[in-house]
Amino acid sequence: MGFADDHLIPLVDQGLGNSAYLVDLGDGRALAVDAGRDLRALRRAAERRGLTVAYAADTHLHADFLSGAVQLAHDDGARVLASAVGRRDFPHTPLADGDETDLGGLTLRALATPGHTDEHLSFLLLDGERELGVFSGGSLIVDSAARTDLLGAARTEELARAQYHSLRRLAALPDEVALWPTHGAGSFCSAPPGTERTSTVGAQKRTNPLLSAPDEDTFVRLLLDGQGSYPDYFDRLAEANRRGPAVLTSAPLLPDLDAGQVRSLLADGGQVVDVRPAADYAAGHIPGALSIPLRGQFATWLGWLLPDTAPLAFVAGEDQDLDEIVWQAYKIGYERLTGRLTGGMTAWLADGNPRATTAFVTADQAGDRPYLDVRQDAEFAAGHVPGARHIELGGLAAHAVEAPEGPIVACGHGERAMTAASLLERAGRIDIAVLDGGPAEYAAAHSRRLTQGADA
């Protein structure tokens, strides 16, 4: 059994595509690395081992989630470790390149690895002189490196060149050193292929295409070619993390609302988010409600499609976890949660309010409607229905007029497509159907073959 087997607990957020880490220091204390504001999984892991979090290290100012470090400092008295360059506005130990923190037997050494952000640090964990592993955040990650365009187009190439040198620095560590990144598959900060979330330096030197780039210019081209779009809320959270998220003194709740309160919220400019499965939304929903089915990616689409300034009300199924709605919203800084409609659509209709429906059809029921594909660019290029109109879901609200009339809206399974249909309905479009399935099912039902490449 190695160190990682005995002492390292990865905590994976599949929806955001990120990993936090809890390190058992062996004396009842723990180190948390890149913990998010939703600390439920970390708390469970700590309680199972009887641990108190003594240190909370952040590799960088995160753009895709609010840090839990401030909360850990408040609740556990954790010492926050972060880059001095980040100029955080809350109490922390500001670290520069080479600074070491004695964890009581183990040592954490800060390595300046700019690129993903200016102030990015990696943390090398040492047992005496032996280098155990490196928490690499958004620098060297499994088979990729995190994006460098979050500070604006004018800085993207500069940061990509910094990322080149940071990756070379980490690749110079011994081959057996474990690699513990934060960003991984499914993260809009990186989105590399594959499912592995940890690795070793040696394995990455063999498999990471960026480490095989023959020179800096080639590296920059490879890195920038792989950067797609990202959620709008990314532009806000780094500064929110620099200021420090508000401390929560109790678990946030989702109050009960009656139909009249939801109606008033809509009239006052609030938003209704329907988190039920796509089929339930299709069968009947509040006119103007945005469909975002509750799943791992819920926070991503909430933050991409709605402002954090509008009060939100939710329509949920009786068996859905209200805590999950709240924590997914809170972990990206959405706190104006007015409540959820008690009794759901049954209560809404009983109060005499109108209902809208959306056609949700299988591939063989789709007819000859124009095909609108709302997946990401890379997904579309990997295989799409010939002649499909392509508008990414994240940009659909701004480009609704470009959608074809009477479309069949499709993604991979129907969840993003139902969200897209709800956006189009809010924009006044009618006669919309959603494909219950994906492009492969549609192509098979219509005797067509998928094509690859950019927009047709």
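Keep in mind the model is a prediction, meaning the values are calculated, not measured. Residues take numbers from 1 onward in each chain, read along the sequence in its written order. Restriction of local features to residues with pLDDT of at least 70 applies here, the model being predicted, together with a cutoff of 80 or more for giving and counting side-chain atom pairs; totals for whole chains, interfaces and linings are based on all residues. Hydrogens are left out, water is left out, and the side-chain values use all remaining heavy atoms of the structure.

**Structural notes on the packing of helix α4 (residues 153-171) against helix α6 (residues 216-225)**
The relative placement of two packed helices comes down to the angle between their axes together with the axis-to-axis distance. Quick note on the threshold: Note on geometry: axes are C-alpha line fits, over the in-contact stretch for helices, and angles between N-to-C directions span 0 to 180 degrees. Only DSSP runs of H or I with at least four residues qualify as helices, and only runs of E with at least two residues qualify as strands; both kinds are numbered from the N terminus onward. These descriptions rest on fixed angle ranges, namely under 35 degrees for roughly parallel, over 145 for roughly antiparallel, 65 to 115 for roughly perpendicular, and the rest for oblique. A clockwise turn of the near helix away from the far one marks a right-handed crossing, whereas an anticlockwise turn of less than a right angle marks a left-handed crossing. Residue contacts are defined here by distance: any two heavy atoms, one from each residue, within 4.5 Å place the two residues in contact. Basically, the charged four are Asp, Glu, Lys and Arg, the nonpolar ten are Ala, Val, Leu, Ile, Met, Phe, Trp, Tyr, Cys and Pro, and anything else, Gly included, counts as polar.
α6 packs onto α4 with a crossing angle of 115° between their chain directions and a minimal axis gap of 9 Å. The orientation of α4 with respect to α6, classified from their angle, is roughly perpendicular. In this structure, α4 meets α6 at a crossing whose hand is right-handed. Taken together, the residues of α6 that come into contact with α4 (itself represented by Thr156, Glu157, Ala160, Arg161, Gln163, Tyr164, His165, Leu167 and Arg168) are Glu216, Asp217, Phe219, Val220, Leu223 and Leu224. Partitioned by chemical class, the residues of the contact of α4 with α6 number seven nonpolar, three polar and five charged.

**Some thoughts on the sheet that holds strand β23 (residues 408-410)**
Stated formally: Any two strands between which DSSP finds at least two bridges are classified as paired.
Across the sheet, which stays open at both edges, the five strands sit in the order β20-β24-β23-β21-β22 with parallel pairing between neighbours. Strand pairing shows two members of the sheet lacking a second neighbour, β20 (359-361) and β22 (389-390), which therefore form its edges. As paired strands, β20 and strand β24 (residues 433-435) are joined by three bridges and run parallel to one another. Across the sheet, phenylalanine 360 pairs through a bridge with valine 434, a residue of β24. Of the strands in this sheet, β20, β21 (371-373), β23 and β24 touch helix α15 (residues 415-426), which is tilted by about 135° from β23.

**Digging into the packing of aromatic side chains**
Note the following rule: Pairing of aromatic rings covers Phe, Tyr and the six-membered ring of Trp, with a centre-to-centre limit of 6.5 Å; geometry is then stacked below 30 degrees between planes, edge-to-face above 60, and tilted otherwise. Relative accessibility decides the category of a residue: with a 1.4 Å probe and only protein chains considered, values under 20% of the type maximum give buried, values over 50% give exposed, and everything between is partly exposed.
If you walk through the whole model with that rule in mind, you get ten aromatic pairs. Taking 4.7 Å as the distance between ring centres and 65° as the angle between the ring planes, the aromatic pair formed by tyrosine 371 and tyrosine 442 counts as edge-to-face. On the criterion of sequence distance, the pair formed by tyrosine 371 in strand β21 and tyrosine 442 in helix α16 (residues 439-445) is long-range, its members being 71 residues apart. On the basis of relative accessibility, which here comes to 5%, the residue tyrosine 371 falls in the buried class. Among the aromatic residues, ring-to-ring pairing joins Tyr21, Phe135 and Trp180 into one connected group.

**Some points on helix α3 (residues 69-76)**
For α3, the complete set of buried residues consists of Ala69, Val70, Gln71 and Leu72. Residues of α3 that are buried sit in contact with β3 (29-33), α2 (40-49), β4 (52-57) and β5 (79-83). Of the residues trailing α3, glycine 77 is marked for its positive phi of about 75°.

**Points about the sheet that holds strand β16 (residues 271-274)**
If you walk across this open sheet you meet the five strands as β15-β19-β18-β16-β17, and the pairing is parallel. Each end of this open sheet is capped by a strand with a single partner; those strands are β15 (256-257) and β17 (290-291). Looking at chain direction, strand β18 (residues 312-315) and strand β19 (residues 337-341) are connected through three bridges and run parallel. Bridge pairing in β19 places alanine 313 opposite glycine 339.

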